[in-house]
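What follows is each chain in one-letter form.
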Amino acid sequence: MIRKVKGTRDILPPDSRLWFAVEAVAHRVFGSFGYDEIRLPVLEPTDLFVRSVGEETDIVAKEMYTFADRKGRSLTLRPEGTAGVARAYIENGLGQLPQPLRLSYLGPMFRYERMQRGRYRQFAQIGIELLGAATPQADVEVLLALHSFLSELGFDDLIIVLNNLGDPEDRVRFIDGLKAELTPNREELCGDCQRRWETNPLRILDCKVPRCRELVTETTPVADSVSDAAREHVEQVEAGLDALGISVQRAPRLVRGLDYYLRTVFEVISPKLGEDTVICGGGRYDRLISDLGGSQVPGVGFAIGEDRLVEVLPDAFKNTILQRPVVAVLPIGVEAVAAGLEITRGLIGAGISAPVEVTGRSLKAGFKWASKIGAQVVVIIGESELAARTAVVKDLKKSKQKTVALAEVPVFIEELLLESAVD
Ligand code: HAM
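Residues numbered from 1 in each chain as written. Predicted model: local features only at pLDDT ≥ 70, side-chain atom pairs only at ≥ 80, totals over all residues. Heavy atoms only, no water.

Trainee: I'd love a proper account of the overall build of the protein chain, names of residues and values included.
Mentor: In terms of helices and strands, the protein chain carries 16 helices and 15 strands. Along the first, second and third principal axes, the C-alpha atoms of the protein chain reach 90 × 55 × 45 Å. Counting over 423 residues, the protein chain shows a buried share of 51%. Taking the intrachain contacts of the protein chain between residues at least 6 apart in sequence as the baseline, contacts between residues at least 24 apart amount to 70%. Accessible surface computed for the protein chain: about 20,800 Å², of which carbon and sulfur atoms make up 53%. (Helix = DSSP H or I, 4+ residues; strand = E, 2+ residues; numbered from the N terminus. Buried < 20%, exposed > 50% of the residue type's maximum accessible area, 1.4 Å probe, protein only. Contact = heavy atoms within 4.5 Å. Areas by Shrake-Rupley, 256 points an atom, 1.4 Å probe, with all protein chains shown as cover.)

In structure tokens form, the structure reads like this:
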């Protein structure tokens, strides 16, 4: 037997229905805020991620699926979506479109990570990026879109944490301070951090080795060494969110694991999954597009981990999606199948699931199948019904049945299901 690759998942029905429903809500909510979907390649040149996410990040240094294609070009299965959006913005001249540009995306990402609950090697993200607006109000809009999406799904226990990373210029000062504070214990840092010390000291802050974590907690938080402009920016973001009734908590040690961020960074935590398995991460990245060779285009956005989100979906949302009514159509004899399929065709508009029995089962076996698939209503078309162009519609919940003209069956079922939804 061939098994799936470690860290990948088969999303099976009926769970796949939850995924579809979540994505439909994302399109609707983000669409309302003006975001249009961009569909990007899963394969990108390796350099794109090295230059955007950063060479010293865990993602680039340890987790990428990178390989040479048949011509020896280094390609990478995308580990995240923002870099691809920035590349596409530059390559397609999207600066010509009305600005700011609002883009959404969803799809698979790949990171070679240690397996654990909520952590996969192929996982899906749903994200939005707002390009061409540098104001704090743009951050507020993005966070409101995030909050609205989560509210539409019925979440009420999620926590948004936020921090201020300052500007790259502030970081020079911060790193000097950080190094000074860590110098007495420098020898105790792990091997990776010894290297980061020289190449990218900020990344010491998101090292997962316990001793490094301990040493880091005693240092001055990054938000303490930001410029006045950056401080004001994030304060205005907080004030804007406050005015909208969205509560966020300050997380002075939050730095995020990607190099392109500046000023506002944030994450969403679910009490059910804990702080190490965040649902969503995002922030501002005003230098990313210019660092990749484009013009000065500021950006802000986030990505939600869809696997994690689906895992903690509120029951009310799950139930409405999973308990959709099912109608089992039971034609008895081959001649009745076409009439059965007509009924299904008549229910397409109402979005009612009405599979037809097509294996030639007896009525008794047909009822067993109907009960296994959770049918609430069964439609029987026997020989005499077919001759009379009628069908018997049986409500299994109420144990009531009625003979209905074939042409009327779809409307009759719609009304029946509507009534039982009200009951
Ligand atoms: P990130 O924090 O690396 O940010 O990933 C965003 C989300 O993807 C995480 O919060 C998590 O829910 C999910 N995720 C990441 N790795 C895994 C995994 N191995 N298994 C399951 N879920 C995972 C970014 O990717 C940025 N591009 C976000 C962004 C967009 N910033 C600005 N715009």
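Additional details are given in the paragraphs that follow.
Trainee: Lay out the sheet that holds strand β1 (residues 36-37) in plain terms, naming residues and giving numbers.
Mentor: Read from one edge to the other, the open sheet built from eight strands follows the order β1-β5-β6-β11-β10-β9-β7-β8, with strand pairing classed as mixed. Edge positions in the sheet fall to β1 and β8 (248-250), since each has one partner strand and no second. Set on the sheet, helix α1 (residues 15-32) makes contact with β1, β5 (101-110), β6 (122-131) and β11 (299-305); between it and β6 the angle comes to about 5°. (Pairing = 2+ DSSP bridges. Axes fitted to C-alpha atoms, helices over the stretch in contact; angles between N-to-C directions.)

Trainee: Residues and numbers for unusual backbone geometry, please.
Mentor: Backbone torsion omega between Pro13 and Pro14 reads 5°, so that peptide bond is classified as cis. The topology assignment puts Pro14 in the segment before α1. Along the chain, Gln99 connects to Pro100 via a cis peptide bond; the corresponding omega equals 0°. With respect to the element layout, Pro100 can be found in the loop between α4 (82-91) and β5. Within the chain, Arg256 stands out as a residue other than glycine whose phi angle is a positive 70°. Structurally, the position occupied by Arg256 is in the loop between β8 and β9 (262-269).

Trainee: So what's going on with the layout of surface pockets? Which residues, and what values?
Mentor: Approximately 290 Å³ is the volume found for the second largest pocket. Among the secondary structure elements, those contributing two or more residues to the lining of the second largest pocket are α2 (46-52), α6 (168-182) and α10 (288-291). The biggest single contributor to the lining of the second largest pocket is α6, with three residues. In terms of residue class, the lining of the second largest pocket is built from eight nonpolar, three polar and five charged. (1 Å grid on protein atoms, 1.4 Å probe; cavity = no way out; pocket = protein on both sides within 12 Å on 5 of 7 lines; lining within 4 Å. Points joined across faces, edges and corners; volume = space filled by probe spheres on them. Nonpolar A, V, L, I, M, F, W, Y, C, P; charged D, E, K, R; others polar.)

Trainee: Requested: an account of the packing of α1 against helix α5 (residues 136-152), with residues and values cited.
Mentor: Between α1 and α5, the shortest axis-to-axis distance is 10 Å and the interhelical angle comes to 140°. Considering the angle they form, α1 stands oblique to α5. The chirality of how α1 crosses α5 is right-handed. Each of Val22, Val25, Ala26, Arg28, Val29 and Phe30 in α1 lies in contact with α5, whose residues at this interface are Ala145, Leu146, Ser148, Phe149 and Glu152. Residues of the contact of α1 with α5, tallied by class, amount to eight nonpolar, one polar and two charged. (Parallel < 35°, antiparallel > 145°, perpendicular 65-115°, else oblique. Left-handed = near helix turned anticlockwise from the far one by under 90°.)

Trainee: Explain helix α8 (residues 210-217) residue by residue, including any values.
Mentor: Among all positions in α8, only Cys212, Leu215 and Val216 are buried. End-on, the buried residues of α8 take up no more than an arc of 100°, which puts them together on one face. Against the buried residues of α8 lie α6 and α7 (191-199). (Arc of directions from axis to C-beta.)

Trainee: Kindly report on the packing of aromatic side chains, identifying the contributing residues and their values.
Mentor: One pass over the structure, following the stated rule, counts six aromatic pairs. With 6.5 Å between their ring centres and 65° between their planes, Phe266 and Phe302 make a pair best called edge-to-face. Of this pair, Phe266 sits in strand β9 while Phe302 sits in strand β11, placing them 36 residues apart in sequence. The exposure class assigned to Phe266 is buried, which follows from its relative accessible area of 0%. In this structure Phe302 comes out as buried when scored by relative accessible area, which is 2%. Of the aromatic side chains, those joined through ring pairs into one cluster are Phe30, Phe149, Phe266 and Phe302. Against the face of Tyr120 rests Arg9, its NZ or CZ located 4.3 Å from the ring centre. In this arrangement the basic side chain of Arg121 is found over the ring face of Tyr112, its NZ or CZ atom lying 3.9 Å from the centre. (Phe/Tyr/Trp six-rings, centres within 6.5 Å; stacked < 30°, edge-to-face > 60°. Lys NZ or Arg CZ within 6 Å of the ring centre and 35° of its normal.)

Trainee: Pulling in residues and values, what's your account of the sheet that holds strand β4 (residues 74-77)?
Mentor: Across the sheet, which stays open at both edges, the three strands sit in the order β2-β4-β3 with antiparallel pairing between neighbours. In this open sheet, the two strands that pair with only one neighbour each are β2 (43-45) and β3 (65-68). Across the sheet, the mean angle separating the axes of adjacent strands is 35° when strand polarity is ignored. One ladder, built from four bridges, connects β3 with β4; its direction is antiparallel.

Trainee: Describe the packing of helix α13 (residues 334-347) against helix α16 (residues 409-422), naming the residues involved and giving the relevant values.
Mentor: As a packed pair, α13 and α16 sit with axes 8 Å apart at the nearest point and diverge in direction by 55°. Of the possible angle classes, the one that applies to α13 and α16 is oblique. Between α13 and α16 lies a crossing of right-handed hand. Taking contact as the criterion, the partners of Ile343, Gly346 and Leu347 in α13 are, on α16, Val409, Pro410, Ile413 and Glu414.

Trainee: Account for the site of the ligand, naming residues and giving values.
Mentor: As a matter of local geometry, the ligand sits amid 27 residues, with Glu80, Glu113, Tyr120, Tyr261 and Val278 nearest to it. One of the side-chain N or O atoms of Tyr260 is found 3.0 Å from a nitrogen atom in the ligand. Arg308 is positioned such that a nitrogen or oxygen atom in its side chain is 3.4 Å from a nitrogen atom of the ligand. Contact with the protein chains removes 96% of the 660 Å² of surface that the ligand exposes when unbound. Of all the elements in the fold, those that place two or more residues in the shell around the ligand are β6, β10 (280-284) and β11. (Near = heavy atom within 4 Å. Polar contact = N/O pair within 3.5 Å; in protein donor to acceptor, adjacent residues only side chain to side chain.)

Trainee: Describe the pattern of salt bridges, naming the residues involved and giving the relevant values.
Mentor: Should the charged atoms of two oppositely charged side chains come close, the side chains can pair. According to the stated counting rule, one finds 32 salt bridges in the structure shown. Taking the shortest distance from any N to any O, the salt bridge between Glu188 and Arg211 comes out at 2.6 Å. With Glu188 in the loop between α6 and α7 and Arg211 in helix α8, this residue pair connects regions lying 23 residues apart in the sequence. If you follow the salt bridges from partner to partner, you end up with Glu56, Asp58, Lys62, Asp192, Arg195, Arg196 and Lys208 in one network. (Salt bridge = Lys/Arg side-chain N within 4 Å of Asp/Glu carboxyl O.)

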